[in-house]
Amino acid sequence: MQTLNSSSVDRSAEFRRWKAQSLSKADLSRKGSVDEDVVELVHVLNAQEQFFTTSSCAGRILLLDGSINGFEVQKQNCCWLLVTHKPCVKDDVIVALKKANGDAVLKFEPFVLHVQCRQLQDAQILHSVAIDSGFRNSGITVGKRGKTMLAVRSTHGLEVPLSHKGKLMVTEEYIDFLLNVANQKMEENKKRIGRFYNCLQHALEREAISNSHPKIKEKNNPSYTRKKKRNTEKAHGKSITEENNEELENDDDDNPGISVAIFPEDY
């Protein structure tokens, strides 16, 4: 038991070191700062001892000029003709397109957020917040060194080629139509960020109450309740031992939970 406690303390200390190092680093993004629409959200997450953010983007409309491989733009090898985190107008795109020499692509990229979590249980709470807020493509990864990462993502992006070898392949009317679609997606994206922020606040409040009242935490944990009930049936009125509980932890075919990807040691 002593070894387990020592390991848990060491892991918590390591997480604190990771967090301090990450938050002390300079922002290496093109913008060099956190996007306005997610500043408060990032601040709330980083203020929690169990979380810290490693990257974020509030969502943006891009016009890129470069090579395309199966409509997948390689950002590292292309020119950014236009980027905005606000609704975009046709005139701005038309002006930017005049600078295109290759294959220009209009993109809308929705909100994305990467959060390192102290332990899997913390990541699961944040994953539920993401799913409930509409970010259905969110997921958790765990590295062998113990790094638990949550990626908040959604699927309502947009990517459309507009020119080829510098020649415009669509009409201005179609560009106007595309921008209406992109701007609608931007508005929906902003609403989802607001829902994420509100759901996060409620989740943190519930977690704080649960931590101060362990019995409430057990009552509000469905998987715990199911396992305990199944264990009682299995015991047929006998006292429940830790061995029985441990056996039932592995007997959970009806509750698959969250799949976790395991990465190499140097992740």
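Conventions adopted
- Residues numbered from 1 in each chain as written.
- Predicted model: local features only at pLDDT ≥ 70, side-chain atom pairs only at ≥ 80, totals over all residues.
- Heavy atoms only, no water.
- Helix = DSSP H or I, 4+ residues; strand = E, 2+ residues; numbered from the N terminus.
- Contact = heavy atoms within 4.5 Å.
- Areas by Shrake-Rupley, 256 points an atom, 1.4 Å probe, with all protein chains shown as cover.
- Polar contact = N/O pair within 3.5 Å; in protein donor to acceptor, adjacent residues only side chain to side chain.
- Phe/Tyr/Trp six-rings, centres within 6.5 Å; stacked < 30°, edge-to-face > 60°.
- Buried < 20%, exposed > 50% of the residue type's maximum accessible area, 1.4 Å probe, protein only.
- Salt bridge = Lys/Arg side-chain N within 4 Å of Asp/Glu carboxyl O.
- Pairing = 2+ DSSP bridges.
- Axes fitted to C-alpha atoms, helices over the stretch in contact; angles between N-to-C directions.
- Parallel < 35°, antiparallel > 145°, perpendicular 65-115°, else oblique.
- Left-handed = near helix turned anticlockwise from the far one by under 90°.
- Nonpolar A, V, L, I, M, F, W, Y, C, P; charged D, E, K, R; others polar.
- Expected span 1.5 Å × (residues − 1).

**Observations regarding the overall build of the protein chain**
Looking only at helices and strands, one finds eight helices and 13 strands in the protein chain. Taking the contacts inside the protein chain whose residues are at least 6 apart along the sequence as the reference set, 70% of them involve residues at least 24 apart. Surface summary for the protein chain: the accessible area is close to 16,400 Å², and the carbon and sulfur share equals 50%.

**Focus: the side chain of Thr84**
Position of Thr84 relative to the elements: it lies in strand β5 (residues 79–84). A distance of 3.0 Å separates a polar atom in the side chain of Thr84 from the backbone nitrogen of Lys86. Apart from the residues lying within four places of it in its own chain, the contact partners of Thr84 are Gly59, Arg60, Ile61 and Met186.

**Notes on the packing of aromatic side chains**
Within the structure shown, the criterion is met by five aromatic pairs. Where Phe135 meets Phe196, the ring centres are 6.1 Å apart and the plane angle is 80 degrees; that geometry is what we call edge-to-face. Taken together, the positions of Phe135 in the loop between α4 (120–132) and β8 (139–143) and Phe196 in helix α5 (residues 172–212) put the pair 61 residues apart, joining distant regions of the chain. Taken individually, Phe135 and Phe196 each receive the classification buried, so the pair is uniform in this respect.

**Things to note about the environment of Asn137**
Tracing the backbone through its elements, the reader meets Asn137 in the loop between α4 and β8. Taking the C-alpha atoms as reference, Asn137 lies 5.1 Å from Arg153; in sequence the two are 16 residues apart. When near neighbours in sequence (up to four residues on either side) are disregarded, Asn137 contacts Arg153, Ser154 and Thr155.

**Digging into the pattern of salt bridges**
Note that side chains of opposite charge can pair when their charged atoms are close. Per the stated rule, a full pass over the model turns up eight salt bridges. A salt bridge links Lys90 to Glu172; its shortest N-O distance comes to 3.8 Å. Here Lys90 is found in helix α3 (residues 90–97), whereas its partner Glu172 is found in helix α5, with 82 residues between them in sequence. For Glu188, the salt bridge is made with Arg195, and the minimal N-O distance between the two is 3.4 Å.

**Points about the pairing of strand β7 (residues 112–117)**
Consecutive residues of a regular strand have side chains that alternate between opposite faces of the sheet. Sheet topology places strand β1 (residues 51–57) next to β7; six bridges connect them, and they run antiparallel. By the bridge assignment for β7, Ser56 is matched with Leu113. Two elements, β7 and strand β9 (residues 148–152), share five bridges in a ladder whose sense is antiparallel. By the bridge assignment for β9, Val115 is matched with Leu150.

**Looking at the packing of α3 against α5**
For the pair α3 and α5, the least separation of the axes is 10 Å and the interaxial angle reads 125 degrees. Between α3 and α5, the crossing angle belongs to the class labelled oblique. Remark: the crossing between α3 and α5 carries right-handed chirality. When α3 is examined against α5, the residues Lys90, Val93, Ile94 and Leu97 are found in contact with a partner set consisting of Glu172, Ile175, Asp176 and Leu179.

**Let's talk about the packing of helix α2 (residues 39–46) against α5**
Two elements in contact, α2 and α5, have axes separated by 10 Å at closest approach and are oriented at 20 degrees. The orientation of α2 relative to α5 falls into the category roughly parallel. Relative to α5, the crossing made by α2 is left-handed. Contacts between α2 and α5 pair Glu40, Leu41, Val44 and Leu45 from the former with Phe196, Tyr197, Leu200, Gln201 and Leu204 from the latter. For the contact of α2 with α5, the per-class residue count stands at seven nonpolar, one polar and one charged.

**Focus: α4**
With 13 residues, α4 extends 18 Å from end C-alpha to end C-alpha; this agrees with the ideal 18 Å at 1.5 Å per step. If you follow the buried residues of α4, they end up packed against α2, β1, β7, β8, β9 and α5. Positive backbone phi, approximately 105 degrees, marks Gly134, located one or two places after α4.

Purely spatial values, then, with no claim about function.
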